[in-house]
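Structural description and commentary
Below, each chain spelled out in residue letters.
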Amino acid sequence: MTDPPPVRLRPGDAVRDRRRGRVGVVTGRDDAHDGVRLRPLTSGPEWTAETADLEPVSRRERLRACIAEVNARSRRSI
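The following paragraphs examine the structure supplied in this document. Quick caveat: nothing in here was measured; it's all calculated off a predicted structure. (Residues numbered from 1 in each chain as written. Predicted model: local features only at pLDDT ≥ 70, side-chain atom pairs only at ≥ 80, totals over all residues. Heavy atoms only, no water.)

1. With respect to the overall build of the protein
Across its full length, the protein holds 1 helix and 5 strands. In sequence order, the protein lays out its α and β elements as β-β-β-β-β-α. Residues classed as buried in the protein amount to 28% of the 78 residues present. Long-range contacts, defined here as pairs at least 24 residues apart, represent 42% of the contacts in the protein between residues at least 6 apart. (Helix = DSSP H or I, 4+ residues; strand = E, 2+ residues; numbered from the N terminus. Buried < 20%, exposed > 50% of the residue type's maximum accessible area, 1.4 Å probe, protein only. Contact = heavy atoms within 4.5 Å.)

Next up, the structure:
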């Protein structure tokens, strides 16, 4: 069985980090860790993920994840 071809990621692409269970936006490459830099959709600290752990998300999934982040943040501030 062969591995699927690698996904070509560009800054601004929304992806799911399967290892962390999070959706983020690609900000660039992290050559020191052979990975990709991601930031949350709304706010928060960036993180590095391995390319093999990432999969693209649709606009619908991106919107759903963004709303979930905003809702979680609003619950924490109450």
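2. What to know about the pattern of salt bridges
When the charged atoms of two side chains lie near each other, side chains of opposite charge can form a pair. Taken as a whole and assessed by the stated rule, the structure comprises 8 salt bridges. Ionic pairing is found between Arg19 and Asp53, a salt bridge with its closest N-O pair at 3.2 Å. Here Asp53 lies in the loop between strand E4 (47–49) and strand E5 (54–56) and Arg19 lies in the loop between strand E1 (14–17) and strand E2 (22–30), a separation of 34 residues in the sequence. Across the salt bridge formed by Arg37 and Glu46, the nearest N and O atoms sit 3.2 Å from each other. Given a relative accessible area of 39%, Glu46 falls into the partly exposed group. In the salt-bridge network here, residues are joined through shared partners; they are Arg16, Arg18, Glu55 and Glu61. (Salt bridge = Lys/Arg side-chain N within 4 Å of Asp/Glu carboxyl O.)

3. Here's the deal with the sheet that holds E2
Strand order in this open sheet of 5 strands is E4-E3-E2-E1-E5, and the pairing throughout is antiparallel. Sheet topology places E4 and E5 at the edges, where each strand pairs with a single neighbour. The sheet shows a mean angle of 50° between the axes of neighbouring strands, taken without regard to direction. In the sheet, strand E3 (residues 35–40) pairs with E4 via 3 bridges, with the strands oriented antiparallel. Its bridge partner being in E4, Arg37 is matched across the sheet by Thr48. Contacts from helix H1 (residues 59–76) reach E1, E2 and E3, with the element oriented near 105° to E2. (Pairing = 2+ DSSP bridges. Axes fitted to C-alpha atoms, helices over the stretch in contact; angles between N-to-C directions.)

4. Points about the pairing of E2
When E1 meets E2, the two strands line up antiparallel, connected through 4 bridges. Looking at E2, one finds that Val15 is bridged to Gly24. Linking E1 back to E2 in an antiparallel pair, the connection comprises 4 residues, with Gly21 at a positive phi of about 70°. Across 6 bridges, E2 lies against E3 in antiparallel orientation. From the neighbouring strand, Gly24 faces E3, where its bridge partner is Pro40. Between E2 and E3, which follow one another and run antiparallel, lie 4 residues, and Asp34 among them has a positive phi close to 50°.

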